[in-house]
Amino acid sequence: LTRELVLIIPAEDSRCRVLIGRGLRRELGRLLAGEGFPPPVFVIADGRVAGLYEEAVAQSLSAAGFAPTFLTIPPGERSKSWPQVRRLTRELLERGAHRKSLLVALGGGVTGDVAGLVASLYMRGLPLVQVPTSLLAMVDAAIGGKTAINLPEGKNLLGTFHHPRLVLIDPEFLRTLPPREFLNGWAEVLKAGFIRNAALVRELAGSGREIWGDEEKLTSIIAQAVRIKADIVARDAREAGLRRLLNFGHTLGHALEAASRFRLPHGRGVALGMLAALRLSESLTGLPPEDSQMGRNLIQSFGYTRNLPRLNREEVLAALSRDKKRHDTGVAMVLLKHLGEAVVVEEAPVARVAALLDEILAPPARP
Ligand SMILES: NC(=O)c1ccc[n+]([C@@H]2O[C@H](COP(=O)([O-])OP(=O)(O)OC[C@H]3O[C@@H](n4cnc5c(N)ncnc54)[C@H](O)[C@@H]3O)[C@@H](O)[C@H]2O)c1
């Protein structure tokens, strides 16, 4: 059973097919065959993902006559760097890539961001296909056309918009994903539900972590999360308005990550940010307390709040005010009116956020 959605971005004059189905990685060659891309096809993957999946993906591409060439980057956020982009583009040149060559990004969000940037820059732009292998990349990074690398001064400061022609999501990749990475992705799935789909929140609250072991259910949940992101991106390709809602939990989440010097995984930062946003929504945007409670229980059931590293409240607040979303008298935050309905509050009082931090960062009371 393959689910398909077509993401049309009128402003960019681009059309992106998103296919979601178990085992789809074996169909990659066949799916690309009709599109007329010349061989060789170039696949960028990180070393870990290449070790696990290069053979299967190469086989599928070779069988369709694509003579794939694999280029790898070291796994991890540090590969989102200018030296990697330069190295990859020079390797592409050396191996004869030209203006019509297809680039495939096989991996998590790091690979997708780097390969996407390379695809948008090399000879003014190559066609791109995203094959996300982490949950986070499936429901978030591979959808929406943003590419980026980091600078010493901050994350994602150098980037472009470059939409893939095709996003191929095979949830079977997740069988080898470490639990910690799974959790990073779940935070974005929960976020999608909170801002746009109350039924998804209720479904997740009803089944909890059992879903991890149920690939068919997981596939359906991924499809729902993808649809939410795709729908928002289609209406706001360049982040003029609606797309800001995707920052739910992220303003405070980034500040928490920064204050932990990035020891706190992204997903936990976002999860804690969503806890605070749910509480704040009760008083600022009228979210019914029972819905807030249900959302917070759901977040907690994933274990995001267990064994938190020690975080200094003042450092979190300092990071919050360095965040570019900070305004003079408050901080812009995405809050909920209802489960599934989000709004941007431009000036959430920082003092209120500070008070909530004590509640969220306080070590759980010992009996
Ligand atoms: N472009 C966007 O719109 C967007 C959106 C959200 C996040 N991002 C970016 O995405 C990045 C985070 O993505 P991520 O969490 O996927 O990180 P990642 O790409 O580093 O992947 C996490 C780890 O999981 C491994 N991995 C990936 N798939 C695997 C699999 N199937 N089996 C085993 N191991 C696997 C990777 O090797 C890596 O070690 C960040 O840099 C973030 O800025 C971009």
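Residues numbered from 1 in each chain as written. Predicted model: local features only at pLDDT ≥ 70, side-chain atom pairs only at ≥ 80, totals over all residues. Heavy atoms only, no water.

Draft legend 1. Just the site of the ligand, in detail. Inspection of the region around the ligand gives 26 residues, with Asp-46, Arg-48, Glu-77, Ser-134 and Thr-176 positioned closest. In the model, an oxygen atom of the ligand is placed 2.7 Å from a nitrogen or oxygen of the Asp-46 side chain. For the ligand, a nitrogen atom lies 2.9 Å from a polar atom in the backbone of Phe-173. Against a free-state accessible area of 860 Å², the protein chains account for coverage of 89% of the ligand. Of all the elements in the fold, those that place two or more residues in the shell around the ligand are helix H2 (47–63), helix H4 (109–121), helix H5 (135–141) and strand S8 (154–161). (Near = heavy atom within 4 Å. Polar contact = N/O pair within 3.5 Å; in protein donor to acceptor, adjacent residues only side chain to side chain. Areas by Shrake-Rupley, 256 points an atom, 1.4 Å probe, with all protein chains shown as cover. Helix = DSSP H or I, 4+ residues; strand = E, 2+ residues; numbered from the N terminus.)

Draft legend 2. Broad picture of the packing of aromatic side chains. What the rule picks out here adds up to four aromatic pairs. Ring centres 5.3 Å apart and planes at 50° place the aromatic pair Trp-186 and Phe-302 in the tilted group. In this pair, Trp-186 is assigned in helix H6 (residues 179–196) and Phe-302 in the loop between helix H11 (289–301) and helix H12 (313–322), connecting sequence segments 116 residues apart. Consider the rings of Phe-194 and Phe-248, whose centres lie 5.9 Å apart with planes at 65°: the pair is edge-to-face. In this pair, Phe-194 sits in helix H6 while Phe-248 sits in the loop between helix H8 (215–235) and helix H9 (250–259), placing the two residues 54 residues apart along the sequence. (Phe/Tyr/Trp six-rings, centres within 6.5 Å; stacked < 30°, edge-to-face > 60°.)

Draft legend 3. Up close: a nonpolar patch on the surface. A cluster of nonpolar side chains, contributed by Trp-82, Leu-121, Leu-151, Leu-157 and Leu-158, occupies part of the molecular surface with about 430 Å² of accessible area. Residue placement: Leu-157 occurs in strand S8. For Leu-157, a relative accessible area of 47% translates into the label partly exposed. (Patch = residues over 30% accessible without salt bridge, like charges linked within 9 Å, V, L, I, M, F, W, Y side chains within 5 Å. Salt bridge = Lys/Arg side-chain N within 4 Å of Asp/Glu carboxyl O. Buried < 20%, exposed > 50% of the residue type's maximum accessible area, 1.4 Å probe, protein only.)

Draft legend 4. Summary view of the sheet that holds strand S1 (residues 3–9). Strands sit in the order S1-S2-S9-S6-S5-S3-S4 across an open sheet of seven strands; the sheet is mixed. Sheet topology places S1 and strand S4 (69–73) at the edges, where each strand pairs with a single neighbour. Across the sheet, the axes of successive neighbouring strands diverge by a mean angle of 20°, strand direction being ignored. Sheet analysis places strand S3 (residues 42–46) next to strand S5 (residues 103–107), joined by four bridges and oriented parallel. Looking at the pairing, Phe-42 lines up with Leu-103 of S5. Along the sheet face, H2 touches S3, S4 and S5 and points at about 155° away from the line of S3. (Pairing = 2+ DSSP bridges. Axes fitted to C-alpha atoms, helices over the stretch in contact; angles between N-to-C directions. Contact = heavy atoms within 4.5 Å.)

Bear in mind that shape data such as this cannot, by itself, settle questions of function.
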